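Secondary and tertiary structure notes
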Amino acid sequence: MTALTIDRINKRYGNLHILKDISIPIGQGEFVSLLGPSGCGKTTTLRCIAGFERPDTGRILFGERDVTRALPEQRDIGMVFQSYALFPHMTVAENLSFGLEVRKVAPADRQRRIADVLAMVRLEGYDKRYPRELSGGQQQRVALARALVIEPSVLLLDEPLANLDATLRDEMRFFIRDLQQRVGITSIYVTHDQAEAMVMSDKIVVMNAGTISQFGSPREIYERPASQSVAGFIGRSNTISGKIAEALGQDGYKVETPCGSIGATGPAGLSKGAEVKIMIRPENISTRSQAASGHQQGAGAEEAGSGENVLAGSVVNSVYQGSANQLAVKLGSGDRVIVDVNGRNPLEVGEQVALRFAARDTWLLAS
Amino acid sequence: MTALTIDRINKRYGNLHILKDISIPIGQGEFVSLLGPSGCGKTTTLRCIAGFERPDTGRILFGERDVTRALPEQRDIGMVFQSYALFPHMTVAENLSFGLEVRKVAPADRQRRIADVLAMVRLEGYDKRYPRELSGGQQQRVALARALVIEPSVLLLDEPLANLDATLRDEMRFFIRDLQQRVGITSIYVTHDQAEAMVMSDKIVVMNAGTISQFGSPREIYERPASQSVAGFIGRSNTISGKIAEALGQDGYKVETPCGSIGATGPAGLSKGAEVKIMIRPENISTRSQAASGHQQGAGAEEAGSGENVLAGSVVNSVYQGSANQLAVKLGSGDRVIVDVNGRNPLEVGEQVALRFAARDTWLLAS
Amino acid sequence: QSSLVVPTYGGLWAKFWEENLLPGLTSATGIQPQLDVGLGKDFVAKIRAGGDRSPYSIFMGNENIAAVLRAEGFFEPFDLAKVPNAAKTFPQFINKDAKGIRAIVSPIGLAYRTDLVKTAPTSWHDLWENPEFKGKTGLYQIGNTGAVLFLRLVAELFGSGPDDFDTAFTKIKELLPFTQASWSGEVATALIRGDAIIAPVDWTEIMTLQDKGAPVAIVAPKEGVLAFEQSFNLVATGAEKDAAHAYLNYILDAKVQQDMAKAFYTSPSNSESVVDDALKARTPIVGPRMAEIKSYDWDSYVDKAAEIADRWNREMA
Amino acid sequence: MTGATSGVEKTIWDRLFTVLVAAIYIFLMFPIVLVVLLSFNSGEFLAFPLEGFSLRWFEALFSNKRFLDATLYSIQIAATSTIVNAVIGTLAAIYVARHATVARDYIRLIMTAPLLVPEILTAIALLFYFYEIRIGTDYSIGIQIGHIVVTFPYVFLNVSSALFNFDRSQEEAARSLGAGGWMTFRRVTLPAIKPGIITGCLFAFVISFDIFNISLLLKSLGSNTLPLELFDYLRFNFDPTAAAIASLSIFMTFAAILIIDRTVGLRSLRF
Amino acid sequence: MSAVEAAPRVEGRSNRGSTTWMVVPALVLLIGFFALPYLTIITMSLREASTRAVYGEGFTLAHYTTALGDFYIWGILGRTLLIGATVTVISLLLGYPVAYHLAKSRSRWTSLLYIFVLSPLLVGLVVRTFAWMIILSNNGVANQALQAVGLIDFPLQLMNNSLGVTIALTHVFLPFVILPLLGNLQAISPDLAMASRSLGASRMRTFWKVTLPLSMPGIQAGTILVFVLSISAYVTPAMLGGTGGRTMSVLVVQYLVDNFRWPAGAALAIIMAAVAVIFVGLYLRLTARAMRRLP
Ligand SMILES: Nc1ncnc2c1ncn2[C@@H]1O[C@H](COP(=O)(O)OP(=O)(O)OP(=O)(O)O)[C@@H](O)[C@H]1O
Ligand SMILES: Nc1ncnc2c1ncn2[C@@H]1O[C@H](COP(=O)(O)OP(=O)(O)OP(=O)(O)O)[C@@H](O)[C@H]1O
Ligand SMILES: NCCCCNCCCN
Ligand SMILES: [Mg+2]
Ligand SMILES: [Mg+2]
């Protein structure tokens, strides 16, 4: 049974069709992330779930209960607003206390829970401050704490960590996930950080321009994206265009490309001759200087039967990124491929390289 | 000559000492990032530079000119506010037009520049909207565009991309950097995203609790952090405690640890017997299942003279992250080490592994 | 070139001054006056504030109000030689030593609702004696000259004379509860609405109402009538004394008094003014009947005015 | 308390609330409707019951030059007071809210003091003072100053309260874009506090238009404001001409608001 | 002592240039044409009474001591304050729902509603008061309506007492709470109410805990205006109050205008102003705590 069902909702602002037939089923205690480009309708979806906007059509169910027309306060939700929406006339402690008072939590208990959650968001000692006396990130953490401290049955988080540094983000992520799992809170998390979504979510919804592009587990979405736009949006990806040369049973295919024949994995049922794009994630490509590898320039393709593909190319750009250098490699076919190499072993621009990747690390997308 | 000099400024709010003797010299056209935990004083520093706050002591120079007491509008700055601070009664186009009108740019020219910058931030067609009719990320891009369109001589950016998805962030980064370099704008960039700081900056300032922990190039800061807190803040890092056993000339050392002797690099001048922490970045550690590597459990340390270290440990946690799995490995010494392995080849929790890293990939930090 | 400022009241008065009186004055005397419309009491404030430079050279106001400024020394006697029409004025309206002339007179009688009153009043005593009027009487409040006039009348009717205020207070209290009005228009309103069915009001007010068809009438009680007397005074600190005399003389002119009576039902103060029968039927207090008007001396009242106002406030509630 | 939030069902409380608000509107409108009815009444008196429909009181009004003159004089005085106070009241409110450090409370006290004393006393005080400093009452300067003084606090108070709600980072944004104090004020602060200024000005205008005692004592010789003229008129002619004046001002305001609404939109005024 | 209490802001020293000029015109106006004239008046209130001059030669506190020792005057003062407080409270109770409704309204008829709100101000004071007399008098519209439907047999005394004054003042001063409140309510981000309700607070609670405290500046400005205007109103109590609804300002006008007792009248007016200042001051003290929390 789903704990929260979003059933074909539509929402317009005047002429603008903002949400188009959005349906999301969410199980009890599941953590679902909403991912999508800025302006695609994530916040609007959350506001419909919270009850701040009424969908023009469609229903929202909490369990069996149709809440489409229920008041926000009847939904037992907690929400972190993208704009924080802290109460400016209340101290931090009062902001946190608010939801607990509504729930008639005893004062002593309230004190304790506020102290606990403040410690979690690393704001011990800030309880007497007013929101205007806090930095941006501190305000954001108060907003987060305010939604969490009430331990609602549904948690709606709208980019709750956007203004935090990596260390805090890590801690907060852990803290959110821990509480959510411990209490069994069904959560919807809007983030622009895919890595975050990957780490935290049971399911991910990828949205685009008011529609749902894909709904699935992080692994499904990352490894088997439904479309090139999903692939492009979630993590970095490279694509090489080609045509199905042969279906190898199961989900294996041989693909004919300008760089030669490549062994690839893809959804079942692609027919011979179909135009496809081979997607490969940068981290699945290993790179060697051509000189070292002994391969010839321009050669390359599948090493017969091994499931390993080798392509030749030349480095056209290299960016230092701390943990890694990101290289742009131009293939013989003209396709540009992004790969990572260890930051300590940079390859020079202009150098010839061999790129190696396994067939099972690829995924075929319909063109 | 420096284009912008922050000279020992101090700032208090009431009893709270927010900025403590901050000094930053910034060259003409340089791009400097401010990094630091939430609440450390980044926004306050920007506000002092912009002239919204007057430092209690210290000076701010633009070139040779002391602007400590100059009005904000006399400084030719552009600023992106953490809270956006868009003008709510103006459309997007009017928001962008404001700074150009102040600069008496001719109407036709104004039109063109607004259209250009709107295209850059991917908001073509949004010019007639009011801020309240935009999503969070769209508002943020308007704030960014408003600061950039005037091409000021000093650009102050306070987490200008915090609410954008990865794809947009990439584009915006490129756009900012491109404009900044083309026009030669001296820029100060506050971000909580270290990778971003690494990619974009000429220099990075790491702040902590109102003081500057380190000031240097991205590479310096990443590879040779001044302290454990900087190391911990910039990128993920592992540390293993030990004592200097021998100085090997240059910056090489042999360090005695509970896991054995480890070859390491460090700042010159560490004396024998000094307590140190060996820092190793996760991406510089390669991991193999112990079974495969043949090493014995608990063994490990430097492979004589090779500059390679090998440590044994067991996997205690594994997190799927899309492009990689992040493993926590417990060493014989009890230290926990984070390492990355390819997401397709997960190691199981409980499995014995050998960790291998080069001496030149380590850095010694004073304990 | 004279710059005489002529103070007067609003409404019908202002209209008459503007359209009739001032053009006449100019053609008669060559004076080009400036009209200043006010309430009477504001003229007092301005003369006081003006100190040695009063904006007015001539003052117009109820005699009891004029008495205040006179006591304070702001007025000086007229030179009656410069006011030939004074000789034709009923002498009761010329103060002793020409310290003020009450040039415009609006008699006050007992007005009542013809449709709501069965027995029309004939005497001031009817206010006390006719049970129909109990609780339905309208009076002026103490700020209005009408109230002090009534007070002195009652003192005279029931007590030892117009200064027997104790008796007057006792008797008037017997009329409580009564509606109190700030000015004649308010009394008229109360009559129209039926909140009061009888009240002492001036003829001017009641005739105007009758003209509009209201069911009201006014009688002159047998004991005599009261009157709003517009007292003209020469302001000592004014700059246009000759013009002031000329103006007063023109006001007292028989024709002018006649026109005023037509315009707003005052009773001509000039003994030579002619009132036609139609008008006389409606405003009977003219000519020889002017003697029925009870005029009081206000110069001595000035010292008691504050105390009496206070007492009225406290007791008439 | 409830209200029309999007996305929620109308409850019984919403409906009760609507009824309550409607009742308050009726209370607000009732005497006004009465006045309008009376102005079209053919009867002679400003009283009920109504006798028939007639435009005679409007004719009477338009043929009365004193009323028209007085109306113009009142408009002129009220408009001048409003404009002067809009400027100096707004400036003072901003100064007190933002910049005053020393003596802030004393400055505020004096800014609101004209509200706290009876108007008639202020009128007498000014009357004396004007004669002392030889301004007198020969010209309109006296009454004008009186009206400005008495209506000043309305603008000051309303702008002060509007400044409370204003997010100052918008001003900082404007300055970061190079706008000087004046431009920042005109383009950013002013639009934000406009509702307060409009409300304050509205009050100032209406109060100035209605003031009696100040006008009575300070008016220049020979002129009259509308309330004085009306009062004088009603003392002697208790007829519906006064109601006709009131109706006219209602109609003109209706027209003005509707025109503003159809042209620039009332929202842009943001009362 | 102030009419609107600003939250103490941690201003720091920021770069804003010299701004003193901004307050200069207002200070010139209020010192030059208010404070200085009032010095004369204060002096006058200390002069002996006289019927032979505007005021007597000597100085005395008698006007103050007499007034303050007089129960009659205390009674009127008490009634005045009571009327002021009642009008203020009722105006707020009636005005808040209207302001709230108007702030949220997206109806096309909003402009009409604005006119409704402004309507009491559009009809001059004198005529409006007449309208109230027509409604409230013994034979007035209200009594006739009530008698017609059989609710009462005898006319209710609706005017010539505090009741009539209170009704008419509430009517005309309603816009003075509605408009400041409206501006204030419109400036509050709707997200805050949403945040409150997302935390489970009912609309009632949201109103009490979030909307109401945030609208304190509007409430304060509006109620102070109404209170001060009510206690100093003259025409309405003079015309509708009769003897049963006489207020301080009616008394003051009578002293000053009808009886030309300037020294005593000035003293009375100054007492009244002082009481107003004290009351407003107490009120500010009461509300200051709430205001200080606002940004
Ligand atoms: N008005 C104020 N009163 C008291 N303390 C304040 C005030 N404003 C800011 N602070 C404190 O000053 C410190 C620095 O704030 P600042 O906004 O500069 O932080 P920051 O580095 O920008 O943080 P973040 O990354 O969270 O935006 C914070 O700890 C904050 O709590
Ligand atoms: N009041 C409004 N009127 C018109 N369009 C609106 C309004 N509010 C939002 N929109 C539009 O609706 C779309 C969806 O907005 P929403 O806030 O849901 O986006 P989002 O996915 O949360 O984006 P972000 O990541 O930038 O916060 C946006 O394109 C926005 O421009
Ligand atoms: N109808 C309003 C008139 C106010 C009159 N005040 C002046 C005082 C004269 N008694
Ligand atoms: Mg959003
Ligand atoms: Mg910040």
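Residues numbered from 1 in each chain as written. Chains lettered and ligands numbered in written order. Predicted model: local features only at pLDDT ≥ 70, side-chain atom pairs only at ≥ 80, totals over all residues. Heavy atoms only, no water.

In the annotation of an unreviewed UniProt entry, chain A is listed under the name Spermidine/putrescine transport system ATP-binding protein and assigned to Aminobacter niigataensis. The heading Sequence similarities (unreviewed entry) in the UniProt record of chain A holds the text "Belongs to the ABC transporter superfamily." (UniProt positions renumbered as here; feature names shortened; annotations may be inferred.)

A few words on the environment of Pro218 of chain B. You can see Pro218 of chain B is positioned in helix 7 (residues 218-223). A relative accessible area of 7% means that Pro218 of chain B is categorised as buried. Taking the C-alpha atoms as reference, Pro218 of chain B lies 31 Å from Gly334 of chain B; in sequence the two are 116 residues apart. Contact partners of Pro218 of chain B, with chain neighbours within four places excluded, come to Tyr320 of chain A together with Ala197, Met198, Ser201, Asp202, Lys203 and Ile204 of chain B. (Helix = DSSP H or I, 4+ residues; strand = E, 2+ residues; numbered from the N terminus. Buried < 20%, exposed > 50% of the residue type's maximum accessible area, 1.4 Å probe, protein only. Contact = heavy atoms within 4.5 Å.)

Residue and element names in this part refer to chain A. Around the magnesium ion (ligand 4), the donor atoms from the protein are Thr43 (OG1) and Gln82 (OE1), and they sit 1.9 to 2.2 Å away. In this pair, Thr43 sits in helix 1 (residues 42-50) while Gln82 sits in the loop between strand 6 (77-80) and helix 2 (92-102), placing the two residues 39 residues apart along the sequence. Taking the relative accessible area as the measure of exposure, Gln82 reaches 18% and is therefore buried. (Donors = N, O, S within 2.8 Å, 3.2 Å for Na, K, Ca; no water.)

Summed over all chains, the structure comprises zero disulfides over all chains. Here Cys48 of chain B is not cross-linked by a disulfide; its sulfur's nearest cysteine counterpart is in Cys40 of chain B, at 13 Å. (Disulfide = S-S within 2.5 Å.)

Take the pairing of strand 12 (residues 252-257) of chain A next. Residue and element names in this part refer to chain A. With four bridges joining them, strand 11 (residues 238-247) and strand 12 adopt antiparallel strand pairing. Across the sheet, Ala247 pairs through a bridge with Tyr253, a residue of strand 12. In this structure, the hairpin formed by strand 11 and strand 12 is closed by a connection of four residues, where Gly249 is found at a positive phi of approximately 75°. Two elements, strand 12 and strand 13 (residues 260-265), share six bridges in a ladder whose sense is antiparallel. Residue pairing for strand 13: Val255 is matched across the bridge by Ile262. (Pairing = 2+ DSSP bridges.)

Moving on to the nonpolar core. Judged by nonpolar contacts, the single largest core of 387 residues is most densely connected at Trp17, Leu21, Phe59, Phe150, Phe232 and Tyr247 of chain C together with Phe176 of chain E. Residue contributions to this core peak at 15 residues, all from helix 13 (residues 262-292) of chain E. Leave out the neighbours within four places in its chain, and Phe150 of chain C touches Trp124, Leu127, Trp128, Leu139, Ile172, Leu175, Pro200 and Leu226 of chain C. In this structure, Cys48, Phe81, Leu148 and Leu155 of chain B belong to the second largest nonpolar core, which totals 74 residues. (Core = buried A, V, L, I, M, F, W, Y, C linked by side-chain atoms within 4.5 Å.)

The next thing to look at is helix 5 (residues 145-158) of chain C. Residues and elements named next belong to chain C. For helix 5, spanning 14 residues, the distance from its first C-alpha to its last is 20 Å, which sits close to the expected 20 Å at 1.5 Å a residue. Taking burial as the measure, the 14 residues of helix 5 include 11 buried ones, the bulk of the element. Along helix 5, the positions that sit buried rather than exposed are Thr145, Gly146, Ala147, Val148, Leu149, Phe150, Leu151, Arg152, Leu153, Val154 and Ala155. By the N-cap criterion, in which a side-chain oxygen at the helix start approaches the backbone nitrogen of a residue two or three places on, helix 5 is capped by Asn144, the distance to Gly146 being 2.7 Å. (Expected span 1.5 Å × (residues − 1). Polar contact = N/O pair within 3.5 Å; in protein donor to acceptor, adjacent residues only side chain to side chain.)

Time to look at the packing of aromatic side chains. One pass over the full model with this rule turns up 48 aromatic pairs over all chains. Between Phe31 of chain B and Tyr189 of chain B the ring centres are 5.3 Å apart and the planes differ by 40°, which places this aromatic pair in the tilted class. On the criterion of sequence distance, the pair formed by Phe31 of chain B in strand 3 (residues 31-35) and Tyr189 of chain B in strand 8 (residues 186-190) is long-range, its members being 158 residues apart. In terms of burial, Phe31 of chain B and Tyr189 of chain B fall into one category: buried. Seen in terms of ring centroids, Phe178 of chain C and Trp312 of chain C are 6.4 Å apart; in terms of plane orientation they differ by 55°. Their pairing is tilted. Here Phe178 of chain C is found in the loop between helix 6 (165-174) and strand 7 (179-181), whereas its partner Trp312 of chain C is found in helix 12 (residues 305-315), with 134 residues between them in sequence. Taken as a pair, Phe178 of chain C and Trp312 of chain C share a single burial class, namely buried. Aromatic ring contacts, followed pair by pair, group Tyr9, Trp13, Phe16, Trp17 and Phe264 of chain C into a single cluster. The residue whose ring lies beneath Arg48 of chain C is Trp262 of chain E, and the NZ or CZ to ring-centre distance is 4.6 Å. (Phe/Tyr/Trp six-rings, centres within 6.5 Å; stacked < 30°, edge-to-face > 60°. Lys NZ or Arg CZ within 6 Å of the ring centre and 35° of its normal.)

Moving on, we come to the sheet that holds strand 13 (residues 260-265) of chain B. All names here are of chain B. Reading across the sheet, the five strands line up as 13-12-11-14-21 and stay open at both edges, with antiparallel pairing between neighbours. At either end of the open sheet lies a strand with only one pairing partner, and these are strand 13 and strand 21 (362-366). Pairs of neighbouring strands in the sheet enclose a mean axial angle of 45°, with direction left out of account. Inspection of the sheet shows strand 14 (residues 275-280) paired to strand 21 by five bridges, in the antiparallel sense. Counterpart to Val276 in the pairing with strand 21 is Ala366. (Axes fitted to C-alpha atoms, helices over the stretch in contact; angles between N-to-C directions.)

Taken together, 21 residues are adjacent to ligand 2, and Thr43 and Thr44 of chain A together with Ser135, Gly137 and Gln138 of chain B come closest. In this structure, an oxygen atom belonging to ligand 2 sits 2.6 Å away from a side-chain N or O atom of Ser135 of chain B. Mapped onto the shell around ligand 2, the elements with two or more residues apiece are strand 2 (16-27) and helix 1 of chain A together with helix 4 (136-149) of chain B. Tallied by class, the residues present in the shell around ligand 2 amount to six nonpolar, 10 polar and five charged. (Near = heavy atom within 4 Å. Nonpolar A, V, L, I, M, F, W, Y, C, P; charged D, E, K, R; others polar.)

Close to ligand 3 lie Leu39 of chain C, Phe212 and Phe231 of chain D together with Val126, Tyr234, Val235, Met239 and Asp258 of chain E. Residues within reach of ligand 3 are spread across chains C, D and E. Taking Asp258 of chain E, its side chain carries an N or O atom lying 3.4 Å from a nitrogen atom of ligand 3. Protein coverage of the free-state accessible area of ligand 3, which is 340 Å², stands at 89%. (Areas by Shrake-Rupley, 256 points an atom, 1.4 Å probe, with all protein chains shown as cover.)

A word on the interface of chain E and chain D. Residue-level contacts link 109 residues of chain E with 97 residues of chain D. Linking chain E with chain D are two salt bridges. Ionic pairing is found between Arg128 of chain E and Asp210 of chain D, a salt bridge with its closest N-O pair at 4.0 Å. Where chain E packs against chain D, one counts six residue pairs in polar contact (both at pLDDT 80 or more). Considering every element that reaches the side of chain E that touches chain D, the biggest residue donor is helix 1 (residues 24-45) of chain E, with 16 residues. Among the residues making up the side of chain E that touches chain D, the classes are represented as 83 nonpolar, 18 polar and eight charged. (Salt bridge = Lys/Arg side-chain N within 4 Å of Asp/Glu carboxyl O.)

With that settled, the discussion passes to the domain arrangement of chain A. Residues and elements named next belong to chain A. Each domain of chain A was delimited in the assignment, giving domain 1 (4-228) and domain 2 (236-293 + 307-366). The straight-line distance from the C-alpha centre of domain 1 to that of domain 2 is 37 Å. Across the contact, seven residues belong to domain 1 and nine residues belong to domain 2. Summed over the three residues of domain 1 that lose the most area to domain 2, namely Tyr222, Arg224 and Gln228, the buried surface amounts to 73% of that side. The interface formed by domain 1 and domain 2 includes zero salt bridges. Across the contact surface, domain 1 and domain 2 share three residue pairs in polar contact (both at pLDDT 80 or more). If you tally residues by element for the side of domain 1 that touches domain 2, the top one is helix 7 (residues 218-223), at three residues. When its residues are assigned to classes, the side of domain 1 that touches domain 2 shows three nonpolar, two polar and two charged. (Domains from an automatic or database assignment. Buried area = accessible area lost by both parts, 1.4 Å probe.)

Our focus in this paragraph is unusual backbone geometry. For the peptide bond that leads from Leu176 of chain C to Pro177 of chain C, omega is -5°, which places it in the cis range. Along the chain, Pro177 of chain C turns up in the loop between helix 6 and strand 7. Of note in the backbone geometry, Ala209 of chain A takes a positive phi value of approximately 45° without being a glycine. Assignment of secondary structure puts Ala209 of chain A in the loop between strand 9 (203-208) and strand 10 (211-216). We note that Lys104 of chain B has phi near 55°; this positive angle belongs to a residue other than glycine.

Turning our attention to the confidence of the model for chain C. Looking at chain C, the pLDDT average stands at 92 and 99% of residues meet or exceed 70. Taken together, the chains of this predicted complex give a pTM of 0.86 and an interface ipTM of 0.84. (pLDDT = per-residue confidence, 0-100.)

Residues and elements named next belong to chain B. Within the open sheet, the four strands sit side by side as 2-1-4-5. Their pairing is antiparallel. Each edge of the sheet is formed by a strand with only one pairing partner; in this case those strands are strand 2 (16-27) and strand 5 (65-66). Across the face of the sheet, helix 1 (residues 42-50) comes into contact with strand 1 (2-13), strand 2 and strand 4 (57-62) while running at roughly 120° to strand 1.

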